[in-house]
Amino acid sequence: MNESRPSSMSAFWMPFTNNRDFKASPRLLVSAEGMYYKDVDGNRILDGTAGLWCVPCGHAQPRITQAVSEMVGQLDFAPTFQMGHPAAFDLAEQLMDYTGHKFGHVFYTNSGSEAVDTALKMALAYHRARGEGGRTRLIGRERGYHGVGFGGLSVGGIGNNRKSFGPLLPGVDHLPHTHNLLKNAFSRGEPDFGAELADELERLVTLHDASTIAAVIIEPVSGSTGVLVPPKGYLKRLREICDKHGILLIFDEVITGFGRLTTPFASDYFGVEPDMMTTAKGLTNGVVPMGAVFSKRFIHDALMDAPPGIELFHGYTYSGHPLACAAGIATLQVFREQGVIENARAMQAYFEDALHSLRGLPHVIDLRSIGLVAGIELEPIAGKPGARAYAAFKQAFADGILIRVTGDIIALSPPLILDRQHIDELFGKLANVLKNLD
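In what follows, the accompanying structure is described. The shown structure was predicted, so the numbers you read here are calculated from the model rather than taken from an experiment.

Structural notes on the pattern of salt bridges
A complete count under the given rule lists 19 salt bridges for this structure. The salt bridge involving Asp353 is made with Arg188; its shortest N-O contact spans 2.8 Å. Separated by 165 residues along the polypeptide, Asp353 in helix 14 (residues 340-356) and Arg188 in the loop between helix 8 (181-184) and helix 9 (200-208) bring together distant segments of the chain. Residue Asp353 is classed as partly exposed on the basis of its relative accessible area, which comes to 43%.

Structure, rendered in structure tokens:
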């Protein structure tokens, strides 16, 4: 692999990146192992974000890399339209085991964005199959992130992600977000105030009529908008209202799935079962792109009750790609055999205490955490939203830690294999960055 600087960086239009700023002073990663990246200059960078929330088992995990290497030599590609390959079915069965058989079926995609658009289409198709084709309205939430497809953007609620792309899908509404600095600042775990915001769904039902609403989609914990943790009782109340009105509830667990909250999924942590879950990221430990929609049996079965032929006209060329399936199977093995979630659970309290030790540092106006994910909200510089956190991001990288920023919020989500030494290094270096921020 090439570990030298590229001769030119002009051709690559980078995603979600300040391209001009980056290319003036690039941060180039060339290898990774365990908890660390190595940059092009040979410096070790502690991964405080599990890549992009997607490497729970750490980098270059031997079992996973071996499984992918073996599969690429055996079966580099196989279509799953009107045919299949064993690994796709084996992974699906293992995923159902991993959910405790709370779901009945898995539909493979290639990313979280695709998983969201797939789940939304499934919701519409389900109601149509049951003779309720008038249920076409989709409800998301302000400050929600559901990927970058037109469906995900439409139900998402982050203004910068939406504003350049026109009106998006019609027939979409949004619940209010639950973030309340005044009442819930410096919470540990679920904040005390805000469960009543779930009742806004009743207002939308009154406005639009339940017979027009297909599904509600939310992140149990909003990640990309700054680690927004649901208030106590909020998710259970949403579940009750959806049941009352025959509305499907979709959890976007692209970030929270596969151990991030020290349970297999956020639905396990909160004790609330959605009708569908969208997943990706940790599903393959980030080694090969893959997403999946987990569906309750009744949704699948409603579409199977149809004339002979294709039941759902939807899918992707790479749905259930052999390499992704091999990576997924190996990732589940690592979770089981190496106690990844158990380690995360053991580190949770230490991680939380380390986070809250930052209270009182310059510009820190909130700290919030749940499982092994943390948000550090900084006071914005007047007239320059996001500038302070971005400066922290660049200085942190120079100091040997990788953090993620969204607006003026720092998000941390390290690989779940971390130990106390890694926590001390991450928060120790971050504290020094914050102490010296303008």
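Here the narrative resumes, following the displayed structure.
Focus: the environment of Ser154
Looking at the secondary structure, you find Ser154 in helix 6 (residues 150-155). Filtering out sequence-adjacent residues up to four positions away, Ser154 remains in contact with Arg162, Leu168, Leu169, Val172 and His174.

Quick word on the side chain of Glu202
Summarising the element assignment, Glu202 is placed in helix 9. With sequence-adjacent residues up to four places away left out, Glu202 is seen in contact with Arg237, Ile241, Lys244 and His245.

Section: the packing of helix 3 (residues 62-74) against helix 13 (residues 322-338)
Any two packed helices are characterised by how steeply their axes cross, that is the angle between the axes, and by the distance between the axes. Relative orientation of the contacting elements helix 3 and helix 13 amounts to 155°, with a least axis distance of 8 Å. With respect to helix 13, the element helix 3 is oriented roughly antiparallel. Like other packed secondary-structure pairs, helix 3 and helix 13 cross with a definite hand, here right-handed. Counting all contacts with helix 3, which are made through Arg63, Ile64, Ala67, Val68, Met71 and Val72, the residues of helix 13 involved are Pro322, Leu323, Ala326, Ala327, Ala330, Thr331, Gln333, Val334 and Glu337. For the contact of helix 3 with helix 13, the residue count by class is 11 nonpolar, 2 polar and 2 charged.

Focus: unusual backbone geometry
Of all residues except glycine, most have a negative phi; of all peptide bonds, most are trans. A positive phi is found at Ala60, a non-glycine position, where the angle reads about 55°. Structurally, Ala60 can be placed in the loop between helix 2 (50-53) and helix 3. Residue Asn285 is not a glycine yet carries a positive backbone phi of 60°. Here Asn285 lies in the loop between strand 9 (276-279) and strand 10 (291-295). Of the residues examined, Asn285 reaches a relative accessible area of 3% and is grouped as buried.

Some remarks on the sheet that holds strand 9
Ordered in space as 4-10-9-8-7-5-6, the 7 strands form an open sheet in which the pairing is mixed. Bordering the open sheet on either side are strand 4 (105-109) and strand 6 (172-175), each of which pairs with just one other strand. Strand-to-strand twist across the sheet, computed as the mean angle between neighbouring axes with direction ignored, equals 20°. Here 5 bridges tie strand 4 to strand 10, and the two strands are oriented antiparallel to one another. Within strand 10, the position partnered with Thr109 by the bridge is Gly291. Strands strand 4 and strand 10 of the sheet are contacted by helix 4 (residues 86-98), whose axis makes an angle of about 125° with strand 4.

Side note on helix 15 (residues 387-398)
Taking 1.5 Å per residue as the helical rise, helix 15 with its 12 residues ought to reach 16 Å, and the 17 Å between its terminal C-alpha atoms agrees with that figure. The set of residues buried in helix 15 consists of Arg388, Ala389, Ala392, Phe393, Ala396 and Phe397. In the segment just after helix 15, Gly400 is the residue with positive phi, at about 100°.

Details of the packing of aromatic side chains
A full pass over the atoms with the stated rule returns 11 aromatic pairs. Ring centres of Tyr98 and Phe265 lie 5.6 Å apart, and the angle between their planes is 75°; on these two criteria the pair is classed as edge-to-face. Separated by 167 residues along the polypeptide, Tyr98 in helix 4 and Phe265 in the loop between strand 8 (248-252) and helix 11 (266-270) bring together distant segments of the chain. Take Tyr98 and Phe265: they sit in the same class, and that class is buried. When the ring of Phe258 is compared with that of Phe265, the centres are 5.2 Å apart and the planes differ by 65°; the resulting orientation is edge-to-face. Overall, the relative accessible area of 2% leaves Phe258 in the buried class. Accessibility expressed as a relative area gives 1% for Phe265, which makes it buried. Among the aromatic side chains, those forming a connected cluster through ring pairs are Tyr98, Phe103, Phe258, Phe265, Phe294 and Phe335. Here the basic side chain of Lys296 rests over the ring of Phe103, its NZ or CZ set 5.1 Å away from the ring centre.

Thresholds, definitions, all that
Residues numbered from 1 in each chain as written. Predicted model: local features only at pLDDT ≥ 70, side-chain atom pairs only at ≥ 80, totals over all residues. Heavy atoms only, no water. Salt bridge = Lys/Arg side-chain N within 4 Å of Asp/Glu carboxyl O. Helix = DSSP H or I, 4+ residues; strand = E, 2+ residues; numbered from the N terminus. Buried < 20%, exposed > 50% of the residue type's maximum accessible area, 1.4 Å probe, protein only. Contact = heavy atoms within 4.5 Å. Axes fitted to C-alpha atoms, helices over the stretch in contact; angles between N-to-C directions. Parallel < 35°, antiparallel > 145°, perpendicular 65-115°, else oblique. Left-handed = near helix turned anticlockwise from the far one by under 90°. Nonpolar A, V, L, I, M, F, W, Y, C, P; charged D, E, K, R; others polar. Pairing = 2+ DSSP bridges. Expected span 1.5 Å × (residues − 1). Phe/Tyr/Trp six-rings, centres within 6.5 Å; stacked < 30°, edge-to-face > 60°. Lys NZ or Arg CZ within 6 Å of the ring centre and 35° of its normal.

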